[in-house]
Amino acid sequence: MSVDWAALVPYLPDLARGFAVTVALTFGGAACALFMAIGLVLATSAGGPAIRRSVRIYTEIILGLPILVLLYLIYFVLPQLGLRIGEVAAGILTLTLYYAPYMAEAIRGAIASVPAGQVDAARMIGLNPVQIFIRILLPQTLGLLIPPLTGILIGLAKDTAILSVISVHELAYATKRVVSRTYTPFEVWALVAGLYWLALSALEVLMRRLEGRVTRFRASGASA
Amino acid sequence: MSTPPAIAGRGLTMRFGPATVLDGVDIAVARGEVVCVLGPSGSGKSTLLRCLSFLTPPSAGAVHVGGEQLGMETKSDGTTVPASAARLRHQRSRIGMVFQSFNLWPHLTALGNVTEGLVQVRGEARTDARTQGLEMLAAVGLADKADAYPARLSGGQQQRVAIARALAMKPEILLFDEPTSALDPELVGEVLAVMEALAERHTTMIVVTHEIAFAAEAADRIVFMDGGRIVEDAPADRFFTTPAEERSWRFLERTMGRYLGLSRPQRPDMSGMSRHDHEV
């Protein structure tokens, strides 16, 4: 087998565009999923029994469903019910619905790790529930949240490749197109695999830095 | 009664499932009075404080702070309805609480812990809050630790910061829930010293404690609890010398042996009537 890297050069802009779409899908999907996850946490902590039960049923359905099946349900089945959405919207919706319960679980776990006495103290001082969440719980749980959220975010970033099956023009989709033009699957896929690995490793380093920043109060305690 | 007590609980009852942890407790503390609550573990002392502060609203009974009933508000037409959450927070701000496990917020400095309520709840300017916060820290002897995070402070220092945090809100009543039970023995003294200073300045205090010597020294009145009820409620000097109840006496016999300088209490004469009238 002869390896021909030069054949790739004219198609690098295509791959770059695909990469940009993958990054956008990752952060767009993660932002929507995080938003929904916070909603799920608030619904289970403050909502009535009916709301709590629906959240639990939804969570159990998602946990038992391959993301590809969810994607097909949204992209192919919803239109038959009269709900027509574009492939990018379907992609983001899939990532959101699929990853929100995982993120919600991570948030719940982190909040549960804050001793209840701290909330008692906050209530005695007169902080309201929103202030308690923002001023007391969130700053402490960010450090605990980042490691599990990093894992979930990386999973989400990898799963963007699945969206290529409904023709979202992200990196995996762009790669398939380039391969079909150049007939050099080894070169193209090797390059793209390296790119995924590099990007995800960078993401992990970034999140670890962030974790260091938000847990400075612990570090300053340990250094005494 | 002309002046209502600083804080009063009437018929306070707390049930957790089948268990009755607090069983119809009546307690009233006058302004400037220091009351120590003694009793064996599980007698309902801490639950009493949680009910008085409405951190855990009682299953039955009422709490009045300066004559105003916690958790209720009176409408303009004179009817009484359950208070809004905001109203309850306002009512509760008249009470300060110090916890066994300090419960400082670890992501805030000592000063940040003390000023959090001033800034977020009272809406005071940061510079004003800072000035007051430093004053409060100085009052508990920790002015030099203002910028330290709780993890850098000893247990005794953390508890003193927690006292400063409660004092900063200028509460009318301070509740202490076993404030020295989580401390190493050598750190207990510094916290008790701060509390004694507060007692000398006639701060209204209810102190749940196992520190008999502190209670004998600082308390005006002793409330002795057992099994979720008040067994004896007596002036401190009388309680420690001539307790009226057999159970009080036995508790003192068991615990006071460890404290030199306190003479042994006199065993009550059980031939007469038992004083259970206040439990009805």
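Preceding this section is the structure that the text describes.
Residues numbered from 1 in each chain as written. Chains lettered and ligands numbered in written order. Predicted model: local features only at pLDDT ≥ 70, side-chain atom pairs only at ≥ 80, totals over all residues.

J.: What am I meant to see in the interface of chain B and chain A here?
T.: How large an interface is tends to be reported as the accessible area lost when its parts come together. Each partner contributes to the interface: chain B provides 21 residues, whereas chain A provides 20 residues. Every element with two or more residues in the side of chain B that touches chain A is listed here: α2 (85-92), β8 (95-98) and α3 (110-120) of chain B. Here the side of chain B that touches chain A gets three residues from one element, more than from any other, and that element is α3(B). Residues of the side of chain B that touches chain A, tallied by class, amount to nine nonpolar, eight polar and four charged. (Contact = placed C-beta atoms within 7 Å. Helix = DSSP H or I, 4+ residues; strand = E, 2+ residues; numbered from the N terminus. Nonpolar A, V, L, I, M, F, W, Y, C, P; charged D, E, K, R; others polar.)

J.: I'm lost on helix α3 (residues 67-80) of chain A in this one. Help?
T.: Given 3.6 residues per helical turn, the α-helix brings residues three or four places apart onto the same face. Residues and elements named next belong to chain A. End to end, α3 covers 20 Å across 14 residues, agreeing with the expected 20 Å (1.5 Å per residue, within 8%). A bend of about 30° at Ile74 is the largest found in α3. Within α3, burial applies to Leu71, Ile74 and Tyr75. In the segment just after α3, Gly82 is the residue with positive phi, at about 95°. (Expected span 1.5 Å × (residues − 1). Bend = angle between axes of the 7 residues up to and from the residue. Buried ≥ 20, exposed ≤ 12 C-beta atoms within 10 Å, placed from the backbone.)

J.: I'm lost on helix α6 (residues 185-200) of chain B in this one. Help?
T.: Residue and element names in this part refer to chain B. Taking 1.5 Å per residue as the helical rise, α6 with its 16 residues ought to reach 22 Å, and the 23 Å between its terminal C-alpha atoms agrees with that figure. Buried within α6 are the following residues: Val191, Leu192, Val194, Met195, Leu198 and Ala199. Projection of α6 onto a plane perpendicular to its axis shows the buried side chains occupying an angular sector of 155°, all on one side. Exposed positions of α6 whose direction lies more than 90 degrees from the buried face are Glu186 and Glu200. Buried residues along α6 sit in contact with β3 (34-38), α5 (155-168), β9 (173-177), β10 (205-208) and α7 (212-218). Immediately beyond the C-terminal end of α6, within one or two residues, lies His202, with a positive phi of roughly 60°. (Arc of directions from axis to C-beta.)

J.: Teacher, can you tell me more about the sheet that holds strand β4 (residues 60-65) of chain B here?
T.: Whether parallel or antiparallel, the strands of a sheet pair through hydrogen bonds between backbone atoms. Residue and element names in this part refer to chain B. Sheet architecture is open: four strands sit in the order β2-β1-β4-β5, paired in antiparallel fashion. What marks the edges here is a single partner per strand, and that holds for β2 (19-29) and β5 (68-69). As paired strands, strand β1 (residues 7-16) and β4 are joined by five bridges and run antiparallel to one another. Paired with Ile7 across the two strands is Val65, which belongs to β4. (Pairing = 2+ DSSP bridges.)

J.: How do you make sense of unusual backbone geometry when you look at a structure like this?
T.: Of all residues except glycine, most have a negative phi; of all peptide bonds, most are trans. All names here are of chain B. A positive phi angle is found at Phe102, which is not glycine, with a value near 65°. Structurally, the position occupied by Phe102 is in the loop between β8 and α3. Given 26 C-beta atoms within 10 Å, Phe102 falls into the buried group. The phi dihedral of Asn103 is positive, around 60°, even though this residue is not glycine. As for its position among the elements, Asn103 is in the loop between β8 and α3.

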